[in-house]
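# Fold and geometry: a report
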Amino acid sequence: MNKYPLSEATRNRLQQTFGHFIDGEIVPSINGETMDVLDPASGERIARASAGARADVDRAVRSARRSFDDRSWRSIDPLERERRIRTMSRLLLDQKSMITELDVLDSGLISWYVDFCVDFAANGIDYYAGWPSKIEGSIPPAPEGFSVRVEREPIGVIGLITPWNGPITVFGSVAAALATGNSVILKPAEQTPMTAVLMAEIAAEAGIPPGVFNVLQGRGQEVGAGLVEHPGVDAISFTGSVATGKAIQAAAAGQVKRVTLELGGKSPFIVFPDADLEAAAAAARMAVWGASGQVCTAGSRVLVHRSVQAEFTKLVIEGTEGMTLGDGFDAATQVGPLVSSEQLERVRKYIAIGRDEGATLAVGGASPDRSGYFIEPTVFTDVKNEMRIAQEEIFGPVMSILPFDTEAEAVRIANDSLYGLAAGVWTTDLDTAGRMTSALRTGTVWINSYQMVYPSIPYGGVKLSGHGRNLGAASIEELTQLKTVWTKVGE
Ligand code: ADP
């Protein structure tokens, strides 16, 4: 770690345990347990974080419940709440360099990507800061003699359970939950606990009252499951793997608890012969090598029309061979490490599966001779859609290229997946784009672009990719509920 260009402030911060944040202050676990925080680029321990247990969950839920029930946040004037939320984005940007350093260290993501994540979080906060004075109910037509109004109110205590592939981006979701008047308990991934505490400090400094935004550190089985099962938590917003999403939905059913699930994907990236092949190949590389493939929307199934397959594959491979692997601080790095040794093992296992299934390994597939959790960007050609490498989410830099002959075949292959998060369509023909858009069973379709996100634009999946939407006005609906008030009108 000494080789990294870290500021004094970051180095000092790493000396302290990254604790829970409950009722306005950083606290250790009740039983004193901690867990190691590892640098994915070296495997070395860089810090410690608290490891929570059920007693810590109880404590955080009590705090969040109390803050919701005593209306300490939602009773504040809406315009004042807007000011305080907006202050969070200013404070976040003031601390951008420390936050970026901590997230690069913690997640292994490259610093320009983390920079983008900080800006995305700040934009999300600014977007949601505009909502408190604009969330409205309605007055539906009612029978004679009655006046009816429908209020839109907060749900209560929201458990926000998040993954490790962009720790600071979660701050936008926190802002959404706050803008709707809820209290929040954030449980960051155990691999990336560090910046969650800084978010809570920023919120406190911006004037969010104690207990309205708590952070609980710890492992999924303990703290995550503890939040899902706790009767004091009214709704769960989860982003992560399908297996965990299923477990959460099943556990939440016991209390008929509301859940929003943003799960994985195996997104098709479809290239028609009339597309700008250079632009498509560059976007395909970015769509799978970005964040080392550890993004839900990775365009990991690349469907290419047979007539341009050779040319397109050549462009992808030429841009991939010789990419520089390294730590996220090194300006020369093009591909960072995976987040953990478990993730590295998982990706290696899938590369072996791809070979065994008979796909052709066109480039990559090996780990460089260095410490840390690195794997080369890997392209398989001659992939058939029924192969496991085309059906299962790998969450690493592994691209499968599959040929198609007709538009109908492209649709069939694209939809032949348990997932339905997103799709990319590359064509210069508006009619092709229009027909593909209607035929694809995914939550998002990007045409001649990929992985665009913006705070006002809803995002989420269908099928095993989950349900519910994040971002935009859709998330305001997800985070509120309706209350109907009937009033008898006197004669
Ligand atoms: P991955 O396998 O990619 O690490 P997970 O979906 O398991 O992804 O993790 C995403 C988040 O879900 C993390 O914060 C993790 O701690 C949490 N988590 C894991 N298991 C559970 C569970 N059974 N209940 C609730 N949260 C969980």
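Conventions adopted
- Residues numbered from 1 in each chain as written.
- Predicted model: local features only at pLDDT ≥ 70, side-chain atom pairs only at ≥ 80, totals over all residues.
- Heavy atoms only, no water.
- Helix = DSSP H or I, 4+ residues; strand = E, 2+ residues; numbered from the N terminus.
- Rg over C-alpha atoms; globule rule 2.2 N^0.38 Å.
- Buried < 20%, exposed > 50% of the residue type's maximum accessible area, 1.4 Å probe, protein only.
- Areas by Shrake-Rupley, 256 points an atom, 1.4 Å probe, with all protein chains shown as cover.
- Core = buried A, V, L, I, M, F, W, Y, C linked by side-chain atoms within 4.5 Å.
- Domains from an automatic or database assignment.
- Contact = heavy atoms within 4.5 Å.
- Salt bridge = Lys/Arg side-chain N within 4 Å of Asp/Glu carboxyl O.
- Near = heavy atom within 4 Å.
- Polar contact = N/O pair within 3.5 Å; in protein donor to acceptor, adjacent residues only side chain to side chain.
- Nonpolar A, V, L, I, M, F, W, Y, C, P; charged D, E, K, R; others polar.
- Buried area = accessible area lost by both parts, 1.4 Å probe.
- 1 Å grid on protein atoms, 1.4 Å probe; cavity = no way out; pocket = protein on both sides within 12 Å on 5 of 7 lines; lining within 4 Å.
- Points joined across faces, edges and corners; volume = space filled by probe spheres on them.
- Axes fitted to C-alpha atoms, helices over the stretch in contact; angles between N-to-C directions.
- Parallel < 35°, antiparallel > 145°, perpendicular 65-115°, else oblique.
- Left-handed = near helix turned anticlockwise from the far one by under 90°.

## Here's the deal with the overall build of the protein chain
Within the protein chain one finds 16 helices and 21 strands. Relative to the 2.2 N^0.38 estimate, which gives 23 Å for 491 residues, the radius of gyration of the protein chain is 23 Å and therefore close to what a compact globule would have. With the C-alpha coordinates of the protein chain rotated into their principal frame, the extents come out at 75 × 65 × 40 Å. Per-residue burial for the protein chain yields a buried fraction of 57% across its 491 residues. For the protein chain, the accessible surface area stands at approximately 19,500 Å², while carbon and sulfur atoms represent 51% of it.

## Section: the nonpolar core
Grouped together as the largest cluster of nonpolar side chains are 103 residues, with contacts concentrated most on Met 88, Leu 92, Phe 171, Phe 213 and Phe 312. Among the elements that make up this core, the one with the highest residue count is helix α5 (residues 111-129) (ten residues). Mapped onto the domain boundaries, this core takes at least three residues apiece from domain 1 (8-263 + 465-484) and domain 2 (268-454). Beyond its immediate sequence surroundings of up to four residues, Phe 213 is in contact with Phe 21, Phe 171, Val 174, Val 184, Leu 186, Met 199, Ala 200 and Ala 203. Formed by 29 residues, the second largest nonpolar core is a distinct cluster that contains Ala 359, Val 398, Ile 413 and Val 425.

## Structural notes on the pattern of salt bridges
Going through the model one piece at a time under the given rule, you end up with 21 salt bridges. Its salt-bridge partner being Arg 65, residue Asp 69 comes within 3.5 Å of it at the nearest N-O pair. Placement of both Asp 69 and Arg 65 in helix α2 (residues 54-69) is noted, with a separation of four residues, approximately one turn of the helix. Judged by its relative accessible area of 48%, Asp 69 falls in the partly exposed class. Its relative accessible area of 21% is what places Arg 65 among the partly exposed residues. Each of the salt bridges in this network shares a partner with another, and the network as a whole consists of Asp 23, Arg 66 and Asp 70.

## Some remarks on the site of the ligand
Surrounding the ligand, one finds 18 residues, the nearest of these being Thr 162, Lys 187, Glu 190, Ser 241 and Thr 244. With respect to the ligand, the backbone of Ala 225 contributes an N or O atom lying 3.4 Å from a nitrogen atom. Residue Ser 241 places a side-chain N or O atom 2.8 Å away from an oxygen atom belonging to the ligand. Relative to its unbound accessible area of 550 Å², the ligand is 81% covered by the protein chains. Looking at the shell around the ligand, the elements with two or more residues in it are α8 (220-229), β9 (235-239) and α9 (242-253). At four residues, the largest contribution of residues to the shell around the ligand is made by α8. Of the residues assigned to the shell around the ligand, the class counts are seven nonpolar, nine polar and two charged.

## Quick word on the domain arrangement of the protein chain
In many analyses, interface size is given as the accessible surface area lost on bringing the parts together. One can read the domain layout of the protein chain as domain 1 (8-263 + 465-484) and domain 2 (268-454). Measuring from the centre of the C-alpha atoms in domain 1 to the corresponding centre in domain 2 gives 31 Å. Listed as interface residues are 27 residues of domain 1 and, on the opposing side, 28 residues of domain 2. Between domain 1 and domain 2, roughly 2,200 Å² of surface is buried when both sides are summed, and carbon and sulfur atoms account for 67% of that area.

## Describing empty space enclosed by the protein
Inspection of every chain in the model, using the stated rule, returns five cavities of 30 Å³ or more. In this structure, the largest cavity spans a volume of roughly 60 Å³. In this structure, the largest cavity is lined by Gly 265, Lys 266, Gly 293, Val 295, Cys 296, Ala 298, Ser 300, Glu 393, Ile 394, Phe 395, Gly 396 and Val 398. For the lining of the largest cavity, the class distribution of residues is six nonpolar, four polar and two charged. Volume-wise, the second largest cavity comes out at about 60 Å³. Around the second largest cavity, the lining residues are Thr 162, Pro 163, Pro 167, Val 170, Leu 186, Pro 188, Ala 189, Thr 192, Thr 195, Ala 196 and Met 199. Residue composition of the lining of the second largest cavity, grouped by class: eight nonpolar, three polar and no charged.

## A few points about the packing of helix α1 (residues 8-15) against helix α4 (residues 96-107)
It is the contact of α1 with α4, at a shortest axis distance of 9 Å, that shows an interaxial angle of 55 degrees. In terms of their interaxial angle, α1 and α4 are classed as oblique. As α1 runs across α4, the sense of the crossing is right-handed. Contact residues: α1 offers Ala 9, Thr 10, Arg 13 and Leu 14, while α4 offers Met 98, Glu 101, Leu 102 and Leu 105. Class assignment for the residues of the contact of α1 with α4 results in five nonpolar, one polar and two charged.

## Quick notes on the side chain of Ser 42
Among the secondary structure elements, Ser 42 is positioned in the loop between β3 (34-38) and β4 (45-50). Here the side chain of Ser 42 touches Asp 39 through a polar contact of 2.9 Å, side chain to side chain. With near-sequence residues (within four places) excluded, Ser 42 lies in contact with Ser 371 and Gly 372.

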